[in-house]
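Take a look at the letters that make up each chain.
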Amino acid sequence: MDWKSESAKVRRDRGVGDYKPLEPFVAKRTLDRSLWYEGQLLVFYADGPAVDSSCCIWEGNIPAGMGPPPHIHLYEHECFYIIEGSLNAWVEGVRYDVPKDSLIFLPAGRAHWFVSAAPVTRMISLTVTAKPEFPANHLNRKFFEYIGRPAEAMALPDIPKVDHRPDPEILKQLTDEAGTHLFDLEKMGWQRAFGVQGEVGEHHDE
């Protein structure tokens, strides 16, 4: 059977005949896909033109106590699946414990942050556009690339020095382009392990 022709026929019959499907691919866990970022090893599997900017899939390897400052993804839902280790995550001040073999769903438009609660937490991150009318750019990789650098090995880098701070004006430009918002950068600076310092509100477990 000519499956390519069969697929095209189904698309035509269901009213999406003008859509040109993307090409399938296999993305391996390789050094050329990897970044060192804030003491973490990130591996990017799918983003940009290969997926028509419809999503972003990356792997995080995060040392204990490390994680991002509070932020919002305005247009994207974000999911983390924990392969090894565990996370403590906060969504609008409510804490969620995310152990190994669990997934946390972080809805678009809600402030959140997280830290690794294990010596190393390995997780898969997936972002998808929350509504059809929202822009689908998934440009957060530019943010990681600005702060980080190409990985030199498939291992964790050193934790950056305390006085290492990204330029807040460039961060604002990158987050505006990506549809993300970082809170009070001028006031708070670039805090690492924010969740450890900033735990407030109730504790919620599923």
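Residues numbered from 1 in each chain as written. Predicted model: local features only at pLDDT ≥ 70, side-chain atom pairs only at ≥ 80, totals over all residues. Heavy atoms only, no water.

Student: Is there a simple way to explain the side chain of Asp 47 in this structure?
Tutor: Here Asp 47 is to be found in the loop between β2 (40–46) and β3 (55–63). For Asp 47, a relative accessible area of 16% corresponds to the buried category. Within polar-contact distance, the side chain of Asp 47 engages the side chain of Arg 141 at 3.1 Å. Aside from chain neighbours lying at most four places away, what touches Asp 47 is Cys 55, Cys 56 and Arg 141. (Helix = DSSP H or I, 4+ residues; strand = E, 2+ residues; numbered from the N terminus. Buried < 20%, exposed > 50% of the residue type's maximum accessible area, 1.4 Å probe, protein only. Polar contact = N/O pair within 3.5 Å; in protein donor to acceptor, adjacent residues only side chain to side chain. Contact = heavy atoms within 4.5 Å.)

Student: Help me out: how do you make sense of the pairing of strand β7 (residues 94–98) in this one?
Tutor: Pairing analysis gives 5 bridges linking strand β6 (residues 87–91) to β7, with the strands arranged antiparallel. Of the residues in β7, the one forming a bridge with Leu 87 is Val 98. Between the end of β6 and the start of β7, which pair antiparallel, lie 2 residues, with Glu 92 showing a positive phi angle near 50°. (Pairing = 2+ DSSP bridges.)

Student: Can you help me understand the nonpolar core in this one?
Tutor: As a rule of thumb, soluble globular proteins bury nonpolar side chains together. The biggest cluster of nonpolar side chains holds 23 residues, and the ones touching the most others in it are Met 123 and Phe 144. Of all the secondary-structure elements, those providing two or more residues to this core are β1 (34–37), β2, β3, β5 (76–84), β6, β8 (103–106) and α2 (140–147). The contact partners of Met 123, leaving out residues within four places of it in the chain, are Trp 58, Glu 59, Gly 60, Ile 62, Phe 80, Tyr 81, Ile 82, Ile 83, Leu 87 and Phe 114. Formed by 5 residues, the second largest nonpolar core is a distinct cluster that contains Leu 41, Val 43, Tyr 45 and Ala 151. (Core = buried A, V, L, I, M, F, W, Y, C linked by side-chain atoms within 4.5 Å.)

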